Amino acid sequence: MEYVKSLIVTLLILAALLGVWAAGTRDGVADTSVDPELAALLGPSAKGESPVPGPEDVGAAVWGHLKDPFYDKGPNDKGIGTQLFFSLVRVLGGFGLAVIVAVPLGFVIGSSPLMQRSLEPFIQILKPVSPLAWMPLALYVIKDAAQSSIFVIWICSVWPLLINTAFGVASVRPEWLNVARCHEVGWLRRSFTVVLPAAAPTILTGMKISIGIAWLVIVAAEMLVGGTGIGYFVWNEWNNLSLTNVIVAIFAIGVVGMVLDQGLAGLTRLVSYEE
Amino acid sequence: MPPPPYRRSPPMLQAPLAHDPRLPPDPHPASAPPLIEVINLGLTYPARRGQPPFCVFEGLSFTIQKGKFVCLLGHSGCGKTSLLNILAGLQKPTDGAVVLAGKEVTGPSLDRGVIFQHYALMPWRSVLGNITFAVRSRYPQWSKTRGREHALKYIELVGLGEAANKRPSELSGGMKQRVGIARGLAIEPLMLLMDEPLGALDALTRGSLQDELRRIVTETQQTSFMITHDIDEAILLADRIVLMSNGPNAVIAEIVNNPLPATRTREGLHHEAMYYPLRNHLMDFLVARSAHVERTTIHPGKGRVPPIIDVQPDPTPSP
Ligand SMILES: Nc1ncnc2c1ncn2[C@@H]1O[C@H](COP(=O)(O)OP(=O)(O)O)[C@@H](O)[C@H]1O
Ligand SMILES: [Mg+2]
């Protein structure tokens, strides 16, 4: 019942937003005093059309993209699905490499107060740096735009993973470690059967944060380096003055981001436990 | 000030460990070598931030025979948990040694089962999963099914057969501690160590778990060492009650033999002739004497060997 209520409210808000949007972008009366040839040069505003596309324009464009999301007609004309796919591959690649590095390292940091204290300054200094600040360095060293954006994703994913893993491992309840000691459980078995399950919810929360940041950063990174990806798509459509496609891309980015977030939230639920 | 230098006393000289199989069974089991021997145990925390070193206890010496149930009674803060942690090998003493079955205790091991006051169950594992974790540690060579059967046997023993697949969060406090007890027993330890295992439970649950423990230890003859501050619990469960004086510098004041018959039950406790003399003796210790126990000199290598007390019946008024 609560669910139905909230669904109804959501639909009402959606209708209101669409209404405001449609009203705000309604075409005005064409200014007939302007010479039609000048009007053509001035663009839509002189013709009385709103410069921002309304919901019906965007809806039509979404339908157009959904009908053929994966076409590829040369470097400047690829389907939105193709571009999202390029971005997702980069995000998942950079994120995956970050998991491979940061989870074991976080494990070591979390289980050793010495490592915790000695690595703290590095993490504190590097964590607040915008990942895009690394881009020039990456481009110079790696000399490949696509790999550089993967590196940028890697570096922005690493910090939340590292910090959450270390925190999760450091806050494993001492009594569980004592249980492991009393049962003469070796280091490896303890890591996999006690520390990892105990820290798993915290580690997965770190993953959720990381992939959220990575999805934010990839758009900006691809705008910078160009070539392919949803970020480049947005930039390209802006150059084409197609605000309709920019808005479609905004929705597409939002939907993919939500799917990534919900996917990791589901995984977190799988490994979380109630004390 | 630096911590006191680490001294480890030599183990006490003992009668030969193994009983010669050609001889008839020992008619005086008390003279058999003890299962566990605590020798001149001391624990001092080093000086810190202008505070002098803190001596929790010193010169503790006592033994526990195989198959006996020993309770430790003492006021809060006298070092009971520290003593149990040292027996478990989770903590190191600053002085003295613990010898279990002829071997010095140097760390935690599977020949001691520990039952924790706050259960220490792993919440991401089911009841069965918590027990099989212990069983797999103890018997790594066993097959999965064999380990499972063994675990289920102990889950049945503590009366949790119905709840084997539940998570700890779905259990009441009393049920959680039953899991803790099953886990302690499932590794079939030489010695079971319990730190106020029923202390966090309400009176009714505590009573039924006391009955359960009594039944299990009489059934299995499990050698056990348990901390409690409940006098009736000690009288019901213990064969011997170790009395610890108040800290700091706590000592073992005396060891009291339980004169009640082995058939004693919780409901019938107060009908036993020796119940009140024993209860009064223990109560008198906790209320009055525990603060003024005389510290005799520590015998080098032996510590302070406490007197073993047999409580006398109340003098019957002569006709
Ligand atoms: N790390 C420590 N440093 C200094 N003193 C400690 C430390 N841990 C425990 N103690 C002291 O040791 C004494 C014994 O503690 P504990 O064994 O927990 O007592 P009990 O279980 O009998 O209540 C207490 O007085 C406590 O203040
Ligand atoms: Mg205690």
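This report concerns the structure included in the present document. (Residues numbered from 1 in each chain as written. Chains lettered and ligands numbered in written order. Predicted model: local features only at pLDDT ≥ 70, side-chain atom pairs only at ≥ 80, totals over all residues. Heavy atoms only, no water.)

## Thoughts on the overall build of chain B
Heads up, the condition is: By the criteria applied, helices consist of DSSP H or I runs no shorter than four residues and strands consist of E runs no shorter than two, each listed in order from the N terminus. Under the scheme applied here, a residue whose accessible area is under 20% of the maximum for its type counts as buried, over 50% as exposed, and between as partly exposed, the area being computed with a 1.4 Å probe on protein chains only. By definition in these notes, contact holds between two residues if any of their heavy atoms fall within 4.5 Å. Each accessible area value is a Shrake-Rupley result obtained with a 1.4 Å probe; residue values ignore everything except the protein chains displayed when judging cover.
A tally of regular secondary structure across chain B gives seven helices and eleven strands. Here chain B, with 319 residues, has 52% of them falling under the buried criterion. Of the contacts made within chain B by residues no fewer than 6 positions apart, 72% connect residues no fewer than 24 positions apart. In the structure as shown, chain B presents an accessible area of about 15300 Å², 56% of it carried by carbon and sulfur atoms.

## Observations regarding the site of ligand 1
Residues and elements named next belong to chain B. Selection rule: One heavy atom suffices: a residue is near a molecule or strand as soon as one of its heavy atoms comes within 4 Å of it. N or O atoms closer than or at 3.5 Å make up a polar contact, with two conditions inside protein: a donor-capable atom paired with an acceptor-capable one, and, for residues adjacent in sequence, both atoms drawn from side chains. Only Asp, Glu, Lys and Arg are considered charged in this grouping, and only Ala, Val, Leu, Ile, Met, Phe, Trp, Tyr, Cys and Pro are considered nonpolar; every other residue, Gly among them, is considered polar.
Neighbouring ligand 1 are the residues Tyr45, Phe54, Val56, His75, Ser76, Gly77, Cys78, Gly79, Lys80, Thr81 and Ser82. Gly79 is positioned such that a nitrogen or oxygen atom in its backbone is 3.0 Å from an oxygen atom of ligand 1. One of the side-chain nitrogen or oxygen atoms of Ser82 is found 2.5 Å away from an oxygen atom of ligand 1. Taking 580 Å² as the accessible area of ligand 1 by itself, protein coverage stands at 62%. If you list the elements that add at least two residues to the shell around ligand 1, you get β2 (54–64) and α1 (80–88). It is α1 that contributes the most residues to the shell around ligand 1, three residues altogether. Considering only residue class, the shell around ligand 1 consists of four nonpolar, six polar and one charged.

## Things to note about the nonpolar core
Put simply, the rule is: Here, nonpolar core refers to any group of buried Ala, Val, Leu, Ile, Met, Phe, Trp, Tyr and Cys residues whose side-chain atoms link them within 4.5 Å.
Residues Met207 of chain A together with Phe57, Leu83 and Phe225 of chain B are the most contacted members of the largest nonpolar core, which totals 94 residues. Sorting elements by how many residues they give to this core places helix α9 (residues 187–225) of chain A first, with 14 residues. Contact partners of Phe225 of chain B, with chain neighbours within four places excluded, come to Phe62, Ile64, Val70, Leu72, Leu83, Leu84, Leu87, Met191, Leu192, Leu193 and Met194 of chain B. By size, the runner-up hydrophobic cluster in this structure holds 56 residues, among which are Val135, Leu198, Leu236 and Tyr275 of chain B.

## So, the sheet that holds strand β7 (residues 191–195) of chain B
Residues and elements named next belong to chain B. Just so we agree on the cut-off: Note: two strands are recorded as paired if DSSP finds a minimum of 2 bridges between them. Where helices are involved, their axes are fitted lines through C-alpha atoms of the stretch in contact, as for all axes, and angles between N-to-C directions lie from 0 to 180°.
Strands sit in the order β6-β7-β8-β3-β9-β10-β11 across an open sheet of seven strands; the sheet is mixed. Here the strands that pair on one side only, and so sit at the sheet edges, are β6 (112–115) and β11 (308–310). Sheet twist, expressed as the mean angle between neighbouring strand axes with direction ignored, is 20°. Strand direction decides the pairing type here: strand β9 (residues 240–244) and strand β10 (residues 252–257), joined by five bridges, are antiparallel. The partner of Leu243 across the bridge, within β10, is Glu254. Strand contacts of helix α4 (residues 173–186): β6 and β7, with the helix running at about 175° to β6, the strand carrying the most contacts.

## Some thoughts on the side chain of Arg214 of chain B
We count it as follows: None of His or the chain ends enter the tally, which takes Lys and Arg as positive and Asp and Glu as negative. What counts as a salt bridge is simple: a side-chain nitrogen of Lys or Arg found within 4 Å of a carboxyl oxygen of Asp or Glu.
Here Arg214 of chain B is to be found in helix α5 (residues 203–220). It turns out Arg214 of chain B is buried and unbridged, and the closest side chain with the opposite charge, Asp239 of chain B, is 5.2 Å from it.

## Here we look at the packing of α4 of chain B against α5 of chain B
All names here are of chain B. In plain terms, the rule: Any angle that falls under 35 degrees is termed roughly parallel, while one over 145 is termed roughly antiparallel, one within 65 to 115 roughly perpendicular, and all others oblique. Throughout, a crossing is termed right-handed when the near helix is turned clockwise from the far one, and left-handed when it is turned anticlockwise from it by less than a right angle.
At a minimum axis distance of 11 Å, the contact between α4 and α5 shows a crossing angle of 20°. On the basis of the axis angle, α4 is roughly parallel to α5. α4 and α5 meet at a crossing whose hand is right-handed. When α4 is examined against α5, the residues Gly174, Gln177, Arg178, Ile181 and Leu185 are found in contact with a partner set consisting of Thr205, Ser208, Leu209, Glu212, Leu213 and Ile216. Grouping the constituent residues of the contact of α4 with α5 by class yields five nonpolar, four polar and two charged.

## What to know about the interface of chain B and chain A
To be explicit about the condition: Two parts placed together each lose some accessible area under a 1.4 Å probe, and the buried area is that loss summed for both.
Taken residue by residue, the interface counts 22 residues in chain B and 17 residues in chain A. Between chain B and chain A lies a buried interface of about 1800 Å² when both sides are counted; carbon and sulfur atoms form 67% of it. Between chain B and chain A we count zero salt bridges in total. One can count five residue pairs in polar contact (both at pLDDT 80 or more) joining chain B with chain A. Only β6 and α2 (127–138) of chain B provide two or more residues apiece to the side of chain B that touches chain A. No other element matches the four residues that α2 of chain B contributes to the side of chain B that touches chain A. Of the residues assigned to the side of chain B that touches chain A, the class counts are 13 nonpolar, five polar and four charged.

## Some points on the packing of aromatic side chains
Residue and element names in this part refer to chain A. Note the threshold: Centre distance within 6.5 Å is the pairing criterion for rings of Phe, Tyr and Trp, where only the six-membered ring of Trp is used; planes under 30 degrees apart are then read as stacked, over 60 as edge-to-face, and the remainder as tilted.
Scanning the model with the defined rule gives nine aromatic pairs over all chains in all. Ring centres of Phe151 and Trp154 lie 6.1 Å apart, and the angle between their planes is 20°; on these two criteria the pair is classed as stacked. Of this pair, Phe151 and Trp154 are both found in helix α7 (residues 145–170), three residues apart, which corresponds to roughly one turn of the helix. Ring geometry for Trp176 versus Tyr273: centroids 6.2 Å apart, planes at 80°, classification edge-to-face.

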